[in-house]
Amino acid sequence: QVQLVESGGGAVQAGGSLRLSCAASGRINSIGTMAWYRQGPGKQRELVATITSGGSTNYEDSVKGRFTISRDNAKNTVYLQMGSLKPEDTAVYYCYADRIIIAALRYLGVWGQGTLVTVSS
C-alpha cells in the first residue's frame, strides 16, 4: 500500500509564506511526475504546479513567480514553497503522483488527503 501525506497547511495573512510538504510512504522504488493541485471554496480542483522525476517544473499562470515546487527523491517528498500569498490562494491543496512503483507493483494516480491553506486579507 502507498500513501501521500501532506503537511504544512494553515492560516496566514496576505503577503505571507507557507511551505507544504508531501511525503510518500512505503518501500518505494521510484515516483514519476508529482504535482500540487488545489480546490478553493466553490471551485473546481485546479493544477498548481508539476515536477518531473528529473526536476522539470511547470506552473499555473497565477502562481508563477510566487510558488516554487521542488522534490527530494531520496526522501520521496515533494514541496511547495508559497510566497506573496493572496486571499484567492485559499484552498485545500492536494499532492498527486502519477506513478509510484513499489517492487513489482505500479500505483497510478495517487492522491494525498489534502491540507487547508487559508489566506486572510
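Scope of this entry: the structure provided in the associated data block. Computed from a prediction, not measured in an experiment: that's the story for all the values here. (Residues numbered from 1 in each chain as written. Predicted model: local features only at pLDDT ≥ 70, side-chain atom pairs only at ≥ 80, totals over all residues. Heavy atoms only, no water.)

**Side note on the overall build of the protein chain**
Okay, step 1: Broken down by element type, the protein chain carries zero helices and twelve strands.
Okay, step 2: Whereas a compact globule of 121 residues would reach a radius of gyration of roughly 14 Å, the protein chain reaches 14 Å, a difference of no more than 12%.
Okay, step 3: Summarising its shape, the C-alpha atoms of the protein chain cover approximately 50 × 25 × 20 Å along the three principal directions.
Okay, step 4: Per-residue burial over the protein chain gives 43% buried out of 121 residues.
Okay, step 5: Residue pairs at least 24 apart in sequence account for 56% of intrachain contacts in the protein chain once pairs closer than 6 positions are excluded. (Helix = DSSP H or I, 4+ residues; strand = E, 2+ residues; numbered from the N terminus. Rg over C-alpha atoms; globule rule 2.2 N^0.38 Å. Buried < 20%, exposed > 50% of the residue type's maximum accessible area, 1.4 Å probe, protein only. Contact = heavy atoms within 4.5 Å.)

**What to know about the packing of aromatic side chains**
Okay, step 1: The tally for this structure, following the rule as stated, stands at four aromatic pairs.
Okay, step 2: Ring centres 6.4 Å apart and planes at 85° place the aromatic pair Tyr-94 and Trp-111 in the edge-to-face group. Taken together, the positions of Tyr-94 in strand E10 (residues 91-102) and Trp-111 in strand E11 (residues 105-111) put the pair 17 residues apart, joining distant regions of the chain.
Okay, step 3: Accessibility expressed as a relative area gives 36% for Trp-111, which makes it partly exposed.
Okay, step 4: Members of the aromatic cluster, joined through ring pairs, are Tyr-37, Tyr-94, Tyr-96 and Trp-111. (Phe/Tyr/Trp six-rings, centres within 6.5 Å; stacked < 30°, edge-to-face > 60°.)

**Remarks on the sheet that holds strand E1 (residues 3-7)**
Okay, step 1: Spatially, the four strands line up as an open sheet ordered E1-E3-E9-E8, and their pairing is antiparallel. Strands with a single pairing partner mark the edges of an open sheet, and in this sheet they are E1 and strand E8 (67-72). Taken pair by pair, the neighbouring strands of this sheet meet at an average axis angle of 15°, ignoring direction.
Okay, step 2: Here strand E3 (residues 18-25) runs beside strand E9 (residues 77-82); their pairing, made up of six bridges, is antiparallel. When the sheet's bridge partners are listed, Ala-23 is paired in E9 with Thr-77. (Pairing = 2+ DSSP bridges. Axes fitted to C-alpha atoms, helices over the stretch in contact; angles between N-to-C directions.)

**Details of unusual backbone geometry**
Okay, step 1: Backbone geometry places Ser-84, a non-glycine residue, at a positive phi of 45°.
Okay, step 2: As for its position among the elements, Ser-84 is in the loop between E9 and E10.
Okay, step 3: At Ala-103, a residue that is not glycine, the phi angle is positive and equals roughly 55°.
Okay, step 4: Its place among the elements puts Ala-103 in the loop between E10 and E11.
Okay, step 5: With relative accessibility at 61%, the residue Ala-103 sits in the exposed group.

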